[in-house]
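# What the coordinates show
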Amino acid sequence: PGALPRYRVGDELVFGMKSSADCWYYIWAIQPDGTPKLLCPRHGESRPASAGQKYLYPGPGATLRLTEPAGVYALKIIAAKNPLPVSPGEQPLRVDVFRNLKFKLENL
């Protein structure tokens, strides 16, 4: 394993993903202090993904600009067969939302 990539505050970030099955996806950024922040979906959006399709986040023509605080961030992407009962404006991540779902949640 190599070193982690290094970015600076103000850099733009885009990343891609490919779904292996039809699903709904959710993206959280775990901040340096451990606080989760829901990045996707945004208020009023839903994020269904079709099997075999490639997706860019934050999407064509949009940018994700890195802001303070500086430090190590982790992205958590959760794919579910059905929409999760998570409100886009909800902060912080409520782990109790996942307790009754039929998948294993790791490293949260």
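Structural notes, computed from the coordinates. Being a predicted model, the structure only gives us computed values, none of them experimental. Counting restarts for each chain, with residues numbered from 1 along the sequence as it is written. It should be noted that, the model being predicted, local features are given only for residues of pLDDT at least 70 and side-chain atom pairs only at 80 or more, the latter also being counted only at that level, while totals for whole chains, interfaces and linings use all residues. Side-chain numbers here rest on the full set of heavy atoms in the structure, without hydrogens or water.

## Some words on the overall build of the protein
Stated formally: Put simply, DSSP marks the helices as runs of H or I at least four residues long and the strands as runs of E at least two long, and each gets a number from the N terminus on. In this scheme, a residue with accessible area under 20% of its type's maximum is buried, one over 50% is exposed, and one in between is partly exposed, where area comes from a 1.4 Å probe on protein chains only. Residue contacts are counted whenever heavy atoms from the two residues lie within 4.5 Å of one another. Per-residue accessibility takes into account occlusion by the displayed protein chains alone, with areas from the Shrake-Rupley method and a 1.4 Å probe.
Across its full length, the protein holds 0 helices and 8 strands. Along its sequence from the N terminus, the protein presents helices and strands in the succession β-β-β-β-β-β-β-β. Expressed as a percentage of the 108 residues in the protein, the buried residues total 28%. Within the protein, residue pairs in contact and separated by at least 24 positions form 70% of the contacts whose partners lie at least 6 positions apart. Approximately 7700 Å² of the protein is accessible, and the part contributed by carbon and sulfur atoms is 52%.

## Re the pattern of salt bridges
Close approach of charged atoms lets side chains of opposite charge pair. Heads up, the condition is: Should a side-chain nitrogen of Lys or Arg be within 4 Å of a carboxyl oxygen of Asp or Glu, the pair is scored as a salt bridge.
Going through the model one piece at a time under the given rule, you end up with 1 salt bridge. Linking Arg-65 and Glu-12 is a salt bridge whose minimum nitrogen-to-oxygen distance equals 2.7 Å. Pair noted here: Arg-65 is in strand 7 (residues 64-65) and Glu-12 is in strand 1 (residues 12-13), with a separation of 53 residues, a long-range link. Here Arg-65 falls in the partly exposed class, since its relative accessible area comes to 45%.

## Observations regarding the environment of Thr-63
Structurally, Thr-63 is set in the loop between strand 6 (54-57) and strand 7. A relative accessible area of 46% means that Thr-63 is categorised as partly exposed. Sequence-distant contacts of Thr-63, that is, excluding residues within four places in its chain, are made with Glu-12 and Pro-58.

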